[in-house]
Each structure stands twice: as structure tokens, then as C-alpha cells.
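# Per-entry structural report
One letter stands for each residue in the lines below.
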Amino acid sequence: MRADRLVAALLLLQSKGRLTAAELAAELEVSVATARRDLEAMSAAGIPVYPQAGRGGGWSLVGGARTDLSGLTGPEAQALFRLVGPAAAVSDEAKSALRKLVRALPATFRADAEAAAGATMIDPTRWGERDRPRPPLVDHLQESVVRRTRVRLVYAGVGREQSERLVEPWGLVDKDDVWYLVAGTDRGRRTFRLDRMVSAGPTHERLERPADFELEQAWAEVVGEVEERRSQTWATVLIETRFVRILRDQFGRHCHADEDLEDGRSRVRVGAPTPLDIARTLAGWGGDVAVQEPTAVRDHLGRIGAELATRYGSVDRG
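Below is a summary of the structure that appears in this document. Counting restarts for each chain: residues are numbered from 1 in the order of the written sequence. Per-residue local features of the predicted model are confined to residues with pLDDT of at least 70, and side-chain atom pairs are confined, for both listing and counting, to 80 or more; whole-chain, interface and lining totals are unaffected and use all residues. The basis for every side-chain value is the complete set of heavy atoms in the structure, and neither hydrogens nor water enter the calculation.

Broken down by element type, the protein chain carries 11 helices and 12 strands. Sorting the 318 residues of the protein chain into buried and exposed places 37% on the buried side. Contacts between residues were defined by any pair of non-hydrogen atoms, one from each residue, lying within 4.5 Å. In the protein chain, the proportion of contacts linking residues at least 24 apart, taken out of those at least 6 apart, comes to 60%. Approximately 19,100 Å² of the protein chain is accessible, and the part contributed by carbon and sulfur atoms is 49%. Every helix listed is a DSSP run of H or I at least four residues long, and every strand listed is a run of E at least two residues long, numbered separately from the N terminus. Think of it in three bands: with a 1.4 Å probe and only protein chains considered, a residue is buried below 20% of the maximum accessible area for its type, exposed above 50%, and partly exposed in between. Per-residue and other accessible areas follow the Shrake-Rupley method at a 1.4 Å probe size, with only the shown protein chains counted as cover for residues.

So this is what it looks like as C-alpha cells:
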């Protein structure tokens, strides 16, 4: 659940006393399904919201409605700030908002709330990798998403050829520190990488986002399509069972252990876009991996091995 929606939903519940998922969805301009998931996420985080079925029912905060954050208990405030705290590191505005939330709490809760906000940090950079700076276009595109205005993009494709297009920004996704824009175009929904955007000029043209659009669902579909393309070729290999975990780190979700054999090895299936991609990853294993099929992967490994032997096998050791 996004931190800004969490705070907005909490304040709405405190001010109105009781809300249905449909009413919350209308207030936050999200789908009913998203509003319901947000309410369930708040409950799972320890914030005491509960549903009441039947006529006149809805979701309420235990203890009734409040007009500000002073109605929170100590544990509730800590649960809220544990969720919001890491998100506040992205901008000065978010940090300022967090400080205001702290001041809105009873004085006896402020120290623990501040400690909870700083108890967790998110380091998106993998070991051995460089930091990826936050793309400068993120803030501009977020504003266009919120204001629901079209954007004129100059975009560089895979071959770096540039094209200009008018798009409807529907939502932004940060995946493994790479930012994507999910947008509507004259050809339907498309996904654009922000690091390939040459420019993104705002316009004053209003857009109507599809009523049934949910960013989470749309992104799940994008991930499914991409991962399917990333696993068009599969190979069956034999490897010592103790190394299966490392193989999973290399192939991710495209690594499936089929069975453990009596000789201490496991039969594993690995996937990648092409046979050559699989061979390149497995080549570093040397004789620790035996490829059973397909033949194309075995042929690539044989060629790679021959090339390495030719280049390094006859090196003058002196």
C-alpha cells in the first residue's frame, strides 16, 4: 500500500467514523478492489480497522471517529510510522509531511513514532552494483498522473532511434530501482522505461483514465508478458543439489528443481530468451553442470569451450 494512500485513508476513517470500500475508493480515486486491499493492509499492519457487515456497515477504527491523529494509540502510531518512514526518504516534501504527522501525535507518542519511522531503511542497490540515481522525470510524471493530464514524450527505442508521441500517464512503477511509466496510447496500453525518455513535456490536455484500470493488476500483466519472453527456451541440467540455490540466484523464477537423484545431484530446468543465453550463464560452471537437453544449448557450450581452449589453452606459460 502506498504511504500517501495509507495516511489519507486513515484520516478519512478518523474524520468520517465509518466508510465502505466503495466510499473510500471514491474519495481516493481508486478502484473498489484497491480500496479494499488498502483497508486489509492497514489491518495487517496493526492499525485497528475492522469491517462491519450488513445494512449501514462499513470499515471503522476501533474507538470511533477522531478529527486528527491524536486518537491513535502508541502501538497504532508505531505501526503507521513503520510503513510511512521508509517512503519519506525519497523527497524533502515527504520528510516534511512525516514531521507534520509526528507533531500531530500526542507528545507521549512522538519519540516512539520517530524511532519507528527510522527503524527501517530500503537499500535498493544490489551488492557490487552502483547506485542508480532517481530519474529526474519521476516527479514531473507523478504530477501528470495525479493531475490526469497528457504528456508529450520523446522516447529512444532499443536501437536508440527517437520518436515523439502523446501519451496518457496512468501510473509509475519502481522495479528493482528501474522506473517505468504505464500509459495509454493510440495503440492501447504501453510501458515506457524512464531511462530511455529524452524528454517528457506536460500538456494541459485532460485525460480520462479507464474506470477499470488498476495499476497493480496492469503491472502484474506486464511482468507476466516480460517474463514469458525471458523464458522462451528451457534446458534440463544436472547439478549437485547443494548448488541448486546458487543456480536459482542466477536464473531467478526461471529455475525449477524437478527431482533429487540418488547420486547427490538434482535435475533442474532453467529458462532464458535463447539457447545462447542459457549457455553463457552455464559456461562458468564448467564440468559442475551437465546439460541433458536441448541440443542447441549443448552445441553452444561446446563452441564456447572450444573458443576458450583455443585462446587460453596454448598461452605461453613462460
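This part covers the packing of aromatic side chains. Ring pairs shown here join Phe, Tyr and Trp side chains whose ring centres sit within 6.5 Å, with only the six-membered ring taken for Trp; geometry is labelled stacked below 30 degrees between planes, edge-to-face above 60, and tilted in between. The final tally for this structure, using the stated rule, is 4 aromatic pairs. Aromatic side chains Tyr155 and Phe192 sit 5.1 Å apart centroid to centroid with 80° between the ring planes, which places their arrangement in the edge-to-face category. Highlighted residues: Tyr155 in strand β4 (residues 149-156) and Phe192 in strand β7 (residues 188-193), separated in sequence by 37 residues. Here the two residues Tyr155 and Phe192 agree in accessibility, since each one is buried. Ring geometry for Trp170 against Phe213: centres 5.1 Å apart, planes inclined by 55°, an arrangement best described as tilted. Taken together, the residues Trp170 in strand β5 (residues 162-175) and Phe213 in the loop between β8 (197-206) and α8 (215-229) connect sequence positions 43 residues apart. Take Phe213: its relative accessible area is 10%, and that puts it in the buried class.

This brings us to the sheet that holds β8. Note on pairing: DSSP must find at least two bridges between two strands before they are called paired. Taken together, the 5 strands give an open sheet; going across it, the order is β7-β6-β5-β4-β8, and neighbouring strands pair in antiparallel fashion. Looking at which strands have only one partner, the edges of the open sheet turn out to be β7 and β8. Averaged over all pairs of adjacent strands, the angle between strand axes in this sheet comes to 45°, irrespective of strand direction. Bridge analysis of β4 against β5 gives 6 bridges, and the strand direction is antiparallel. Paired with Arg152 across the bridge in β5 is Leu166. Here an axis means a line fitted to C-alpha atoms, over the contact stretch when the element is a helix, while the angle between two N-to-C directions is reported on a 0 to 180 degree scale.

Counting residues in each nonpolar core, the largest one holds 28 residues, and the members touching the most others are Leu13, Leu24, Met42, Ile47, Leu80 and Phe81. Those elements that place two or more of their residues in this core are α1 (3-16), α2 (21-28), α3 (32-44), β3 (58-61), α4 (74-87), α5 (92-103) and α6 (107-117). Look past the residues within four positions of Leu24 in its chain and what remains in contact with it is Ala9, Leu12, Leu19, Ala35 and Leu39. Counting residues in each nonpolar core, the second largest holds 19 residues, with Ile239, Ala272, Val289 and Ile304 among its members. Residues enter a nonpolar core if they are buried and are Ala, Val, Leu, Ile, Met, Phe, Trp, Tyr or Cys, with the set joined through side-chain atoms within 4.5 Å.

A few words now on the pairing of β4. Within a regular beta strand, the side chains point alternately toward one face of the sheet and then the other, so they alternate between its two faces. Most of β4 sits inside the fold, with 6 of its 8 residues counted as buried. Of the pairings in the sheet, the one linking β4 to β8 comprises 6 bridges and is antiparallel in character. Paired with Thr149 across the bridge in β8 is Arg206. In this antiparallel pair of consecutive strands, β4 and β5, the connection spans 5 residues, and Arg160 shows a positive phi of 70°.

In the contact formed by α2 and α3, the axes pass within 8 Å of each other and the chain directions differ by 105°. Taken together, α2 and α3 sit at an angle that is classed as roughly perpendicular. Between α2, through Ala21, Ala22, Leu24 and Ala25, and α3, the contact on the second element is made entirely by Val32, Ala35, Arg36 and Leu39. Grouping the constituent residues of the contact of α2 with α3 by class yields 7 nonpolar, no polar and 1 charged. An angle below 35 degrees is read as roughly parallel, one above 145 as roughly antiparallel, one from 65 to 115 as roughly perpendicular, and any other as oblique. Here the nonpolar group is Ala, Val, Leu, Ile, Met, Phe, Trp, Tyr, Cys and Pro; Asp, Glu, Lys and Arg are the charged ones; every other residue, Gly included, is treated as polar.

Spatial strand order, β1-β3-β2: 3 strands in an open sheet with antiparallel pairing. The open sheet has two edge strands with one neighbour each: β1 (18-19) and β2 (49-52). In this sheet, β3 lies alongside β1 in antiparallel orientation, the contact comprising 2 bridges. By the bridge assignment for β3, Arg18 is matched with Ser60.

Turning our eyes to something else, we now look at the pattern of salt bridges. For salt bridges, the criterion is a side-chain nitrogen of Lys or Arg within 4 Å of an Asp or Glu carboxyl oxygen. For the coordinates displayed, the defined rule picks out 17 salt bridges. A salt bridge links Asp195 to Arg193; the shortest N-O distance between them is 2.6 Å. The partly exposed category is assigned to Asp195, whose relative accessible area is 46%. Members of the salt-bridge network, linked through shared partners, are Arg37, Glu214 and Glu216.

This paragraph deals with empty space enclosed by the protein. The method works on a 1 Å grid over the protein atoms by themselves. A cavity is a set of points holding a 1.4 Å probe that cannot get out, a pocket is an open set with protein on both sides within 12 Å along at least five of seven lines, and residues with an atom within 4 Å of a point line them. Grid points are joined across faces, edges and corners, and a volume is the space filled by probe spheres set on the points. Using the criterion set out here, one finds 1 cavity of 30 Å³ or more in the structure. Considering only enclosed or pocket space, the largest cavity measures out at about 30 Å³ in volume. If you trace the largest cavity, you find it lined by Pro124, Thr125, Arg126, Glu129, Arg130, Arg132, Asp176 and Asp177. In the lining of the largest cavity, the residues fall into 1 nonpolar, 1 polar and 6 charged.

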